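Chain by chain, the residues:
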Amino acid sequence: MTNKLLLAMLFVVSAFSLNAQKNKAKSDEPSSNISSFLNDGRVTGVQNLIRLRLAPTFMGYIGASYERKFGEKFGIEVGANFKTNQSAIWEEYRYANSNTVNYTKYLASKNGIGLIISPKYYKYGKYINHGRYVGLQANLRSFKSDFEIIVPSSVQNTTTVQSNVSCSYKSLFLVWGNQRQFGSRFTFGLEFGFGVNQDKIKNLNVYDVNSSGIVNSADSKHYQLTGLLDLSFGILL
Amino acid sequence: MKNLLLLFCALFITNVFSQKNNAIKELTGTEFRPEKKDRPYFYQNAIKIGENYYVIAQKGDKAYINFFGFSTKQKYDFKIFKLDAKMNVKSVATIPSEFEGKDVQTLKIGRFGDKLCALFYFNNKKARKQFLFAQMYDLKNFTPSGKPYKIGETMITKKETRISSIFKVSITDDFSKMLITADRSNIIRSRREKKAAAEQKNHTFSYWLIDSEFKLINVGKNVKMGKGTTEIIDQTFDNEGNMCILGFEQATTTKKSRYVFGDIDSDEDGNNSKLIMKIIRPSGEASDITFANGEYFYSAMMKLNPNTGNVAVVGLLGSGKYGAKGLFTQQVNIKTAEVLAENKSLFGIDLVKEINSLKPPTVKSSKSNTKKEKRANKDKKESKKVKKTEVPDYLHMYVRLGSCHYNDSNELVVVGQKYYTYTVTYTTTDSKGRTTTHTVTYYVYGDIISFKINQDGEIENFGFIFHHVETTAYVYKDYTSLYTGDKLYILTKSSGGQMFLNNKASTLQLFKEYNTIARRNSYADFMNVSDNEMIHISSRKNKVIFSLISVKLEK
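Residues numbered from 1 in each chain as written. Chains lettered and ligands numbered in written order. Predicted model: local features only at pLDDT ≥ 70, side-chain atom pairs only at ≥ 80, totals over all residues. Heavy atoms only, no water.

Draft legend 1. Representation of the overall build of chain A within the structure. A tally of regular secondary structure across chain A gives three helices and eleven strands. Written out in order from the N terminus, the α and β elements of chain A read α-α-β-α-β-β-β-β-β-β-β-β-β-β. Within the span of chain A, comprising 237 residues, buried residues form 39% of the whole. Across chain A, contacts joining residues at least 24 apart in sequence account for 65% of those joining residues at least 6 apart. When the accessible surface of chain A is totalled, it reaches about 13,100 Å², and 62% of it is carbon and sulfur. (Helix = DSSP H or I, 4+ residues; strand = E, 2+ residues; numbered from the N terminus. Buried < 20%, exposed > 50% of the residue type's maximum accessible area, 1.4 Å probe, protein only. Contact = heavy atoms within 4.5 Å. Areas by Shrake-Rupley, 256 points an atom, 1.4 Å probe, with all protein chains shown as cover.)

Here it is, written out as structure tokens:
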């Protein structure tokens, strides 16, 4: 019984070895099936990317964006972020009118949503795996925030807090970026730019010096020039 | 009337003067300004099909760090300039280095069958293999013809993900067959391979012989050739598919960790190297031949004589004093593997003295003659002093064998060049007293010397051309040679002409185009098209001028 088993095993092994020899000889023939030879585990030749940006996370946003290239040169990125946390970096909103200057402070910005739209022109890189680009980046953010109204200490010793004030943030940047693939399907990117942003706050209470009291201001808009520096991680699809 | 006579005289004189160097005909096209994306970095080769010439160039392999800190690799695309018979650029085509979204690296492009064949290689990190691919292209519109084929594969180690090609590719004269060899001795080898070489174990290589329909004619994987540190230095094959591989086997008696063939610093006494040859027939039957045992060569090469089927192996015998002491020749029949007579021709003191006594030809002028006579007298005195001390029997710095040709009488004409390098360390100090140093290696390409070797393997006569070019970029040789109608022609990047094998120094004619652009910062290159035609390229940053340099064949 054992001999039969051994013979059967030997037969199976010899069949495998014969098959291997055949394959080896066949592998020497020129082959037009080049996909298997090009398969080095890296995803290439794709035009879709899911991108996670670092800069919005500092502002308390969590989200992702999707980018697709159309042809070799043009691409567009569309993303959505949700504000779940307070900003990690210090924020200050400066309110000014003709009478006085007062400071108000973001206390707890939350319940927000952000959108990012970024058309790009790729100067280098046929696929989305790696490339160098220049583009525009529009950021639209809307959120509720608590404000601390700073009243001069000679008038009142306690601070006043105004809750759930509607705020919006719009910006438009001219950006330069570069990204490259690492690992099998990941990308790392660096982007910087400059542009203009607009802060808009609805019905913010401020302390008015003339009336010596807290008054509700009209909607305020505030423009300023600003810069952008962002790191991103992407997943190739 | 007098003026007319003078004009005729002047025309006659110029005509006579121009006939002095009428061996070379130069035809220059109009200046071409390629677009930025079409500006190549390396001109690779040129082919002629019908009345059109195709100059093949590569976009480049430059890698640079951009301001983001990322290294960006430029595409390795092929650029093809289509020229008409008058050397005017008719179109520029791009053959992209991409298969299925993967960037592959370009290797070579040339005529194979009746189409263009572009070769690409790809280092597969996962499979740890380097694959060689071939893609045929239509000559009319440079569109791919058929599918790309994998035609060769060889092992790479984990560290070797960015190595250059391991493959050597040759195509027969009738463009019907392609021989691919893979030899790992030119790259940094794995620990296992180094250990095997140190233990004098068998050296192996792989080969594939295919036809223009991508059908495999012959294949050999891990074929044994030589022992220890062996390097394949040349390969040739006839139209029937008989292959001949020439290798150099270095015994590991030297203490050097890595020996390089043609190492000019090598000591002759401690050298036990030899040339090895493997002849493989289409049936797979192979013959191993070993010769020149114990000899040391600065360089060696082989040439197939299609008339006799003999392969001539020519080697420059090293003297151990940085100079060649003679020529080694060996004829082997590629079909029968029959080894014909081995010959070793030493230059000897007299021939070396004759060559060293050659002086560049000078223009006669009464004023300078007296000075030159004085100089000549001084030289004579100095040479007398040298004679007392040492008379060399080797050609100093003559270390590079460039080409060899057969003539109609089956005699060999061997062309070589003096070559050496030197390094200069530059130190600069700024206003704050900080010093920075950088070292530059200069490659010096010197005099070109050729020898005619008769059927008995003896040196009959020699030709000599004074030449001196220094560059910071390495090339194997900075000239090309054509042998046709029993005449030898030498073409450098700036000049060309016949090299007379009359034991005297010959002069070359400066190209007209070189005169016009030499003052500006330009780049010149040349490529052989056929036995008697060469395309010369002069290029600046945004301008390219193609010239056809052809040898006037006598009927």
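Draft legend 2. Molecular detail of the packing of aromatic side chains. In this structure the tally under the stated criterion is 30 aromatic pairs over all chains. Taking 5.5 Å as the distance between ring centres and 70 degrees as the angle between the ring planes, the aromatic pair formed by Phe297(B) and Phe328(B) counts as edge-to-face. With Phe297(B) in strand β22 (residues 297-305) and Phe328(B) in strand β24 (residues 323-333), the pair connects residues that are 31 residues apart, well separated along the chain. Phe328(B) matches Phe297(B) in its accessibility class, with the two residues each being buried. Sitting over the face of the ring of Phe143(A), Lys83(A) holds its NZ or CZ atom 5.5 Å from the ring centroid. Positioned over the ring face of Tyr479(B) is Lys477(B), at 5.3 Å from the centre of the ring. (Phe/Tyr/Trp six-rings, centres within 6.5 Å; stacked < 30°, edge-to-face > 60°. Lys NZ or Arg CZ within 6 Å of the ring centre and 35° of its normal.)

Draft legend 3. Just the confidence of the model for chain A, in detail. Across chain A, the average pLDDT comes to 80, with 77% of residues at 70 or higher. A low-confidence stretch, residues 15-24 of chain A stays under pLDDT 50, and its non-local contacts, those more than four residues away or across chains, total zero contacts. (pLDDT = per-residue confidence, 0-100.)

Draft legend 4. Broad picture of the interface of chain A and chain B. With 29 residues of chain A in contact, the opposing surface of chain B contributes 34 residues. Summing both sides of the interface, chain A and chain B together bury roughly 2,900 Å²; the carbon and sulfur share of this comes to 57%. Of all residues in chain A, the largest losses of buried area upon contact with chain B belong to Pro30(A), Phe37(A) and Leu38(A), amounting jointly to 23% of the total for that side. The interface formed by chain A and chain B holds three salt bridges in total. Residues Lys126(A) and Glu98(B) are paired through a salt bridge, measuring 3.3 Å at the closest nitrogen-oxygen approach. The interface formed by chain A and chain B holds ten residue pairs in polar contact (both at pLDDT 80 or more) in total. At the level of elements, α1 (2-28), α2 (35-38), β7 (160-182) and β8 (186-201) of chain A are the ones that each hand at least two residues to the side of chain A that touches chain B. With five residues, β7(A) is the single largest residue contributor to the side of chain A that touches chain B. Considered class by class, the residues forming the side of chain A that touches chain B number ten nonpolar, twelve polar and seven charged. (Buried area = accessible area lost by both parts, 1.4 Å probe. Salt bridge = Lys/Arg side-chain N within 4 Å of Asp/Glu carboxyl O. Polar contact = N/O pair within 3.5 Å; in protein donor to acceptor, adjacent residues only side chain to side chain. Nonpolar A, V, L, I, M, F, W, Y, C, P; charged D, E, K, R; others polar.)

Draft legend 5. Region of the structure containing the pairing of strand β17 (residues 216-227) of chain B. With seven bridges joining them, strand β16 (residues 202-211) of chain B and β17(B) adopt antiparallel strand pairing. Residue Tyr207(B) lies in a different strand from β17(B), and its bridge partner there is Gly220(B). (Pairing = 2+ DSSP bridges.)

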